[in-house]
Amino acid sequence: MEGLNSTPYPSTSDLLYDPASNANVVPLLDTLYCSVIGPLSEDSCRKEDKDSKLPSTSDSLYCSVVGPIIQEFLAVLVFAFSFTFWRHLQQRQKSNRRKGGPQVPGSPSNPSDLSLTSPRPSSNRSSRTNRPVKRDDKAAEPAVRKLLQGPKSDDTNGLSEAAEVEAAEKEMLQSLHRRDFTDALNLFRLVERRYKEATFKEELFSEFVQAAVRVGKLDVFEKMIRFMQSKGMVPSTAFWQDTLRILSTRKNYSACLLAHSIFASPSATAPHGVLPPGNRVIYSCLVNAALEMGKHEEAADLLNEYKASQDEPKDYNIFFRAYRQLGNIEAAIGLFKEIGAESLSTMVLNSLLMACTSTTTSPGSSVLASPVSSACIALRALEVLYEAKATEEKENPIVDVQSCNIVMKALASKEESERVKWGGRATASSNVTSITKLLEDMVSWRLEPDASTLGAVLEAAVAHLSESLVTVAVRVLSSSHRAFDGLKFSMHLRNISKHVSVAQALALYEEMKRRRVAVNDVSVFGVLIKGCIGMRDLDRAMLLVKDMKSLNLKPDDLIYSQLLDGCREANRLQLGQELFQAMLESGVQPSAFTLMAMLKLFGRNGAHDEAYDLVESWERRFGVKPTVLHYTCLLSATTKGRCYDQAWRAYQLMKKAAVRPDGTALATLLSGMVLSQDWSRVVDVAEAALGLGSTAVPRQSLISALEDVQASSASPEVIRKAGSLLRGIGGHHTSRSSASNWRSP
């Protein structure tokens, strides 16, 4: 308590004293602090309680806690006031510099008072006045905007109405060039409210329209278009091209059609509507927009308008591209006959061919719906191709490789193969003949087939199940000097091997191998190896495995299973065991298919002990439990090999592994036990079969086996048990003598 009394309380000057700098912080802060705290002085802080003669607790906390808090609050308040005042001076300085008025005292432009500013910059005044000033301060508005916001008069500061509109238009263009879309739009609205009859140049509307599309303000775009239409303005070709191009680029197809409909509608200045001129860019954008929006009738009307115009030479690519999307083959061929092949270019010809081979149908399309009558669609495209080739000039050929590929893909398409089914064998033969002839003609036309050409031929071979087309493709591949992608050919190899011919697929593979077209797909090799095993050509399959390893491809468990099946068919047990060991060494996890293939291989070659050991250790080695199918395979192999004790041993292993036998396994084992005349085992198997149900094993097989037990020289207990089972399944009891007579020759 004495220590508390002897410790002096801090005074106001002590609270404002900075011990780090040995000086008072701010004299002004001291004054403000003292004026606010007022009564709180050293005498009041040292006020003693009359009874205890100690300082009051509330006064002590007030002096030691509240006082510093008030000090910090006042410091922040002074800083905020100073910062606000400094910002105000900066804004006034910038505003006066733009207007050319008097500068703020103490600014760099007025060196008379430098008490609150930094030293004057070294750059001269002329360089600052000529440099363009970026308008990033909304507080400083231009004179034009102030005039527009003021009262309207006949002569405002010497500017007429036309001059004000012209000045505002220049200001709007500058804002749009600076990408300040909002500022320009606000100024436009000011002019529109002030001068109802004001008109602007087309340049301003073009800039507004493109800016509105860029920022996604399609409502502003529509407003500008309608404003132009209300003023009777006729957009120029450049305006339409720029507007429709940016709309089409950003996929605003509805806005394209809206602009056309606004100017196509009648108005006071244009009773028949103001339509865009017949320009190919304009109509291409409009037709494409109509097609994308699904307005096929409007697209057809636009095509007719463009066709009827005489302003410039027609771009027929627009027509054929539209006919392709519409699926209107008849119209495409009709236009081709009308203009003649000599008016076509390579691009237009390819558009025509794609339109002729189009299989899409849409409202208004004239494509025939009957599969029989539409089977000649690709053949009609082939006729167009030959007609164009016949009329082309040698110096300016229009038929290229892509033209031939379009027709070939049409002949080889799935839709065309479906039409062939309706058209019959004659149509299929005609398509195959046409593809073969077109390939020969391409060589005579000095057009080298590319990867798309060979792909179309191979697709046609699969679609029409034609081995001759595969042979032609192999011949073309061998004579071509182009580089081919093995990834695309891998799919064709798989399809040809599955649907056409394994031999043809192998021939194509060998040619690809000679041309060093790599097949980096394990599944393709799996299909080829399976085909070789089906052809009983194990050596060819092993060569394919060797090719896989040379390409750093690792065979999977399915490929090894197929090879093991090939070893079984060829009775090559040692090779199969070597393959299985190589499989384990390569890190491939064996599957249930692998175990089945090994059991069949052992069973075919009589290696029943090896098969038993493999099944017994399979789960322990590979973590997969053999199923009832594997045990059935083991029972079947030992029964057919007349190794009945091994069959019974396998059955006991099956029971030990808690694998429930099915009817097939018990029927196989039952027949083996009857042949071995081990009657006690026959009764056990029959009892197990009856435990599965009356339909697990054929009833007649059970009756026959139990009757054989009744007629045998088995022990009385076994015969009695067989009789009980026989009565349970509805059979009849047969005496020994009658059974003996039945079994005797």
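## Description of a nonpolar patch on the surface
Among the surface-exposed residues, Phe79, Phe83 and Trp86 lie close enough to one another that they form a single nonpolar patch of about 370 Å² accessible area. By the element assignment, Phe79 lies in helix H5 (residues 57-99). On the basis of relative accessibility, which here comes to 59%, the residue Phe79 falls in the exposed class.

## Regarding the pattern of salt bridges
Scanning the entire structure with this criterion turns up 17 salt bridges. The salt bridge partner of Glu511 is Arg514, with a shortest N-O separation of 2.5 Å. Linking Glu511 with Arg514, this pair stays in helix H26 (residues 502-514), spanning 3 residues, or about one helical turn. The closest approach of N and O atoms between Glu569 and Arg568, which form a salt bridge, is 3.2 Å. Residue classification places Glu569 among the partly exposed residues on the basis of a relative accessible area of 29%. Overlapping salt bridges bring together Arg536, Arg568 and Glu569 as one network.

## With respect to the environment of Leu379
The topology assignment puts Leu379 in helix H19 (residues 377-391). As a C-alpha pair, Leu379 and Ala410 span 31 residues in sequence and 8.8 Å in three-dimensional space. Among all residues touching Leu379, those that are not within four sequence positions of it are Leu411, Ser430, Asn431 and Ser434.

## Things to note about helix H27 (residues 522-534)
Here H27 contains 13 residues, and its C-alpha end-to-end distance of 18 Å stays within 8% of the 18 Å for a straight helix at 1.5 Å per residue. Following H27 by one or two positions, Arg536 has its phi on the positive side, about 60°.

## Concerning helix H12 (residues 237-249)
For H12, built from 13 residues, the straight-helix expectation of 18 Å at 1.5 Å per residue is met to within 8% by its first-to-last C-alpha distance of 18 Å. Among the residues of H12, Phe239, Trp240, Gln241, Thr243, Leu244, Ile246, Leu247 and Ser248 are the ones counted as buried. Where H12 is buried, its residues touch helix H10 (202-215), helix H11 (218-230), helix H13 (253-264) and helix H14 (280-292).

## A few points about the packing of aromatic side chains
Per the stated rule, a full pass over the model turns up 16 aromatic pairs. Taken together, a centroid distance of 5.7 Å and an interplanar angle of 70° make the contact between Tyr386 and Trp445 edge-to-face. Here Tyr386 is found in helix H19, whereas its partner Trp445 is found in the loop between helix H22 (425-444) and helix H23 (451-464), with 59 residues between them in sequence. Judged by its relative accessible area of 24%, Tyr386 falls in the partly exposed class. When the centroid spacing of 5.8 Å and the interplanar angle of 80° are considered together, the rings of Tyr509 and Phe525 count as edge-to-face. A residue pair is termed long-range when its members are at least 10 positions apart, and Tyr509 in helix H26 and Phe525 in helix H27 qualify at 16 residues. We classify Tyr509 as buried; its relative accessible area is 4%. Classification of Phe525 by relative accessible area gives buried; the value is 0%. Above the ring of Tyr612, the side-chain terminus of Arg649 is found at 3.8 Å from the ring centroid.

## Structural notes on unusual backbone geometry
The phi angle at Arg516 is positive, at roughly 60°, despite the residue not being glycine. One can find Arg516 in the loop between H26 and H27. In this structure Arg516 comes out as exposed when scored by relative accessible area, which is 77%. At Ala658, a residue that is not glycine, the phi angle is positive and equals roughly 60°. Mapped onto the fold, Ala658 is located in the loop between helix H34 (644-656) and helix H35 (663-676). A residue is classified by how much of its surface remains accessible, and Ala658, at 62% relative accessible area, is exposed.

What counts, and where the lines are drawn
- Residues numbered from 1 in each chain as written.
- Predicted model: local features only at pLDDT ≥ 70, side-chain atom pairs only at ≥ 80, totals over all residues.
- Heavy atoms only, no water.
- Patch = residues over 30% accessible without salt bridge, like charges linked within 9 Å, V, L, I, M, F, W, Y side chains within 5 Å.
- Areas by Shrake-Rupley, 256 points an atom, 1.4 Å probe, with all protein chains shown as cover.
- Salt bridge = Lys/Arg side-chain N within 4 Å of Asp/Glu carboxyl O.
- Helix = DSSP H or I, 4+ residues; strand = E, 2+ residues; numbered from the N terminus.
- Buried < 20%, exposed > 50% of the residue type's maximum accessible area, 1.4 Å probe, protein only.
- Contact = heavy atoms within 4.5 Å.
- Expected span 1.5 Å × (residues − 1).
- Phe/Tyr/Trp six-rings, centres within 6.5 Å; stacked < 30°, edge-to-face > 60°.
- Lys NZ or Arg CZ within 6 Å of the ring centre and 35° of its normal.

The values are spatial; any link to function lies outside them.
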